[in-house]
2 protein chains.
Amino acid sequence: MSSEEQIKKDEYYMGRALAMAEEAFEKGEVPVGAVIVCRDRIISRAHNLTEALTDVTAHAEMQAITMSANELGGKYLQDCTLYVTVEPCIMCAGALGWSQIKRIVYGCSDDKRGFSLHAPKALHPKTVVTKGVREEECKALMQRFFKERR
Amino acid sequence: MSSEEQIKKDEYYMGRALAMAEEAFEKGEVPVGAVIVCRDRIISRAHNLTEALTDVTAHAEMQAITMSANELGGKYLQDCTLYVTVEPCIMCAGALGWSQIKRIVYGCSDDKRGFSLHAPKALHPKTVVTKGVREEECKALMQRFFKERR
């Protein structure tokens, strides 16, 4: 696959994650959305549900990891790519580390809670990270949420 | 409460966490157990279930956090103490950070996966950590597991 094809594919799947984030927004949840892709198929999609579930662990990524493992029938996600609108936090990065996921693509950075600042070694050493895909849209959704709702 | 009373109490609750870890051991799970205590009452207890649930996120602490929030009807655990037999990993420490838990007491350290090495700032700044409670028992159970089962 050419790098141009890869970019198009990444933008497409990030659009699917953005759609999940918009669903979260409509429900009054911090708008973070995620999809996990395995061999060109979306095997799970989730958005943040911490308010509805009254559970700090109900981040989009955590749910997507659990759903993907159920779907695949195995704990490890070595053939999978996570697309998530916002940089994973320490908790989610730790979970992604355990999952040995192949690749993580995120939209905008989280300078306060993102893993790259406080837990840069959380991920599995083989995991490849791409950031900044559809960054402005991901960021704009978060900014609009915190301006309107909080 | 005198510090002697506190030590006795910590040892008692760690014993309850150890009982959970032993249950995990019997089921072929990595033997880590946890209880969460709120105002002298155990509000949740859990052990590692990553094998049974085929889910890397099913650590004892994660389940205990979710159960405690359900029990209390709120996301935050500011009045709670977690007793866990082994030092939390990065994922669990990140979750504990979000929960704003008051205090964490753990048995033995995890020099490979423990949060204190790779994510020392994962916890909420107000969270107090006590380590080394019934350390030898917690450690012996882990060592026996990896010797016999892996």
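For every chain, the first residue of the written sequence is number 1, and numbering continues from 1 onward in sequence order. Each chain takes a letter, starting from A, and each ligand takes a number, starting from 1, following the order in which they are written. Confidence filtering applies because this is a predicted model: local features only for residues at pLDDT of at least 70, side-chain atom pairs given and counted only at 80 or more, and all residues used for totals across whole chains, interfaces and linings. Remark: hydrogens and water are excluded; side-chain values derive from all non-hydrogen atoms of the structure.

- As annotated in an unreviewed UniProt entry, chain A is tRNA-specific adenosine deaminase from Prevotella disiens.
- The Catalytic activity (unreviewed entry) field of the UniProt record for chain A holds the comment "adenosine(34) in tRNA + H2O + H(+) = inosine(34) in tRNA + NH4(+)". UniProt positions are given in the numbering used here, feature names are shortened, and annotations may be inferred rather than shown by experiment.

## Details of the side chain of B:E87
Here is step 1 of the chain: In this description a helix means any DSSP run of H or I spanning at least four residues, a strand means any run of E spanning at least two, and both kinds are numbered starting from the N terminus. As for its position among the elements, B:E87 is in the loop between β3 (80–86) and α3 (90–99).
Here is step 2 of the chain: Here a polar contact means two N or O atoms within 3.5 Å. Within protein one must be a hydrogen donor candidate and the other an acceptor candidate, and residues neighboring in sequence count only if both atoms are side-chain atoms. In this structure the side chain of B:E87 is engaged in a polar contact, spanning 3.4 Å, whose partner is the backbone nitrogen of B:F115.

## Examining the packing of helix α3 (residues 60–72) of chain A against helix α4 (residues 90–99) of chain A
Residues and elements named next belong to chain A.
Here is step 1 of the chain: Relative orientation of the contacting elements α3 and α4 amounts to 20°, with a least axis distance of 9 Å. Viewed along their axes, α3 and α4 adopt a mutual orientation that is roughly parallel. As for the relative orientation of α3 and α4, their crossing is left-handed in sense. From α3, E61, M62 and I65 reach across to α4, where they touch M91, C92, A95, L96 and S99.
Here is step 2 of the chain: Any residue that is not Ala, Val, Leu, Ile, Met, Phe, Trp, Tyr, Cys, Pro, Asp, Glu, Lys or Arg is counted as polar, Gly included; the first ten are nonpolar and the last four charged. Considering only residue class, the contact of α3 with α4 consists of 6 nonpolar, 1 polar and 1 charged. As a rule, the C-alpha atoms of each element are fitted with a line to give its axis, helices using only the stretch in contact, and angles between N-to-C directions run from 0 to 180 degrees. For classification purposes, an angle smaller than 35 degrees is called roughly parallel, one larger than 145 roughly antiparallel, one from 65 to 115 roughly perpendicular, and anything else oblique. Working rule for handedness: look at the near helix, and if it is turned counterclockwise from the far one by less than a right angle, call the crossing left-handed; if clockwise, right-handed. Residue contacts follow a heavy-atom distance rule, with two residues in contact if any of their heavy atoms lie within 4.5 Å.

## Considerations on the nonpolar core
Here is step 1 of the chain: Put simply, a nonpolar core is a bunch of buried Ala, Val, Leu, Ile, Met, Phe, Trp, Tyr and Cys residues held in one set by side-chain atoms that sit within 4.5 Å of each other. Partly exposed describes any residue whose relative accessible area lies between the buried limit of under 20% and the exposed limit of over 50%, with all areas from a 1.4 Å probe on protein chains only and scaled to the type maximum. If you look at the biggest cluster of nonpolar residues, it comprises 94 residues, and the most contacted ones within it are A:I36 and B:I36.
Here is step 2 of the chain: Excluding residues within four positions of it along the chain, B:I36 makes contact with B:R41, B:I42, B:I43, B:S44, B:A64, B:I65, B:S68, B:L77, B:C80, B:T81, B:L82 and B:I101.

## What to know about the packing of aromatic side chains
Here is step 1 of the chain: When the centres of two rings from Phe, Tyr and Trp lie within 6.5 Å, Trp using its six-membered ring, the rings pair. Their planes under 30 degrees apart give stacked, over 60 give edge-to-face, and anything left gives tilted. Enumeration according to the criterion identifies 8 aromatic pairs over all chains in this entry.
Here is step 2 of the chain: With a centroid separation of 5.2 Å and an interplanar angle of 90°, the aromatic rings of A:F145 and A:F146 are classed as edge-to-face.
Here is step 3 of the chain: Its relative accessible area of 37% is what places A:F146 among the partly exposed residues.
Here is step 4 of the chain: A centroid spacing of 5.8 Å and a plane angle of 75° characterise the contact between B:F25 and B:F145, whose relative ring orientation is edge-to-face. Note that B:F25 is positioned in helix α1 (residues 3–26) and B:F145 in helix α5 (residues 135–149), a separation of 120 residues in sequence.
Here is step 5 of the chain: A relative accessible area of 4% means that B:F25 is categorised as buried.
Here is step 6 of the chain: Its relative accessible area of 0% is what places B:F145 among the buried residues.

## Observations regarding the interface of chain A and chain B
Interfaces are often described in size by the accessible area the parts lose on coming together.
Here is step 1 of the chain: Facing 29 residues of chain A, the contacting portion of chain B comprises 29 residues.
Here is step 2 of the chain: With both sides pooled, the region where chain A packs onto chain B buries about 2300 Å², and carbon together with sulfur makes up 70% of that total.
Here is step 3 of the chain: When the buried surface of chain A facing chain B is broken down by residue, A:V56, A:K75 and A:W98 rank first, second and third, together holding 31% of it.
Here is step 4 of the chain: The term salt bridge refers to a pairing of a side-chain nitrogen on Lys or Arg with a carboxyl oxygen on Asp or Glu at a separation within 4 Å. Seen at the junction of chain A and chain B, the total is 2 salt bridges.
Here is step 5 of the chain: The residue B:K75 makes a salt bridge to A:E51 at a minimum N-O spacing of 2.8 Å.
Here is step 6 of the chain: In this assembly, chain A and chain B are joined by 6 residue pairs in polar contact (both at pLDDT 80 or more). Put simply, buried area is the surface a 1.4 Å probe can reach on two separate parts but cannot reach once they are joined, added for both.

## Concerning the layout of surface pockets
Here is step 1 of the chain: In this structure, the largest pocket encloses a volume near 1100 Å³.
Here is step 2 of the chain: Lining the largest pocket are 37 residues, and of these A:H59, A:C89, A:D110, A:R113 and B:W98 lie nearest its centre.
Here is step 3 of the chain: Here the lining of the largest pocket gets 5 residues from one element, more than from any other, and that element is helix α6 (residues 135–149) of chain A.
Here is step 4 of the chain: Of the residues in the lining of the largest pocket, the class split is 16 nonpolar, 10 polar and 11 charged.
Here is step 5 of the chain: Approximately 770 Å³ is the volume attributed to the second largest pocket.
Here is step 6 of the chain: Around the second largest pocket sit 28 residues that line it, and A:W98, B:V30, B:D110, B:R113 and B:F146 are the ones nearest its centre.
Here is step 7 of the chain: For the lining of the second largest pocket, the secondary-structure elements that each account for two or more residues are α2 (60–72) and α5 of chain B.
Here is step 8 of the chain: Counting residues per element, the lining of the second largest pocket draws most heavily on α5(B), at 4 residues. Buriedness of a pocket was judged along seven lines, with at least five required to meet protein on both sides within 12 Å; pockets are open sets of points on a 1 Å grid over the protein atoms alone, cavities are sets where a 1.4 Å probe fits but cannot get out, and lining residues have an atom within 4 Å of a point. Grid points are joined across faces, edges and corners, and a volume is the space filled by probe spheres set on the points.

## Notes on the relation of the copies chain A and chain B
Here is step 1 of the chain: Copy-to-copy alignment: least squares on C-alpha atoms, limited to residues at pLDDT 70 or above in both. Superposition of chain A onto chain B requires a rotation of 180° combined with a translation of 0.0 Å along the rotation axis, giving an RMSD of 0.0 Å. The operation mapping one copy onto its partner corresponds to a two-fold rotation axis. Residue A:M91, judged by its C-alpha, is the member of chain A lying nearest the rotation axis, at 2.0 Å.
Here is step 2 of the chain: Taken together, the interface assignments show that 100% of the residues at the interface of chain A recur at the interface of chain B, consistent with an identical surface on both copies.

## Some details on the sheet that holds strand β2 (residues 41–47) of chain B
The pairing of strands in a sheet happens through backbone hydrogen bonds and is either parallel or antiparallel.
Residue and element names in this part refer to chain B.
Here is step 1 of the chain: Spatially, β2-β1-β3-β4-β5 is the arrangement adopted by the 5 strands of the open sheet, whose pairing is mixed. The open sheet has two edge strands with one neighbour each: β2 and β5 (128–131). On average, each strand axis in the sheet is tilted by 15° relative to the strand beside it, whichever way the strands run.
Here is step 2 of the chain: Where strand β1 (residues 33–38) lies against β2, 6 bridges are found, and the strand directions are antiparallel. The residue bridging A34 from the neighbouring strand is A46, located in β2.
Here is step 3 of the chain: Helix-sheet contacts for α5 involve β3 and β4 (103–108), and the interaxial angle to β4 is about 60°. For two strands to be treated as a pair, DSSP must find no fewer than two bridges joining them.

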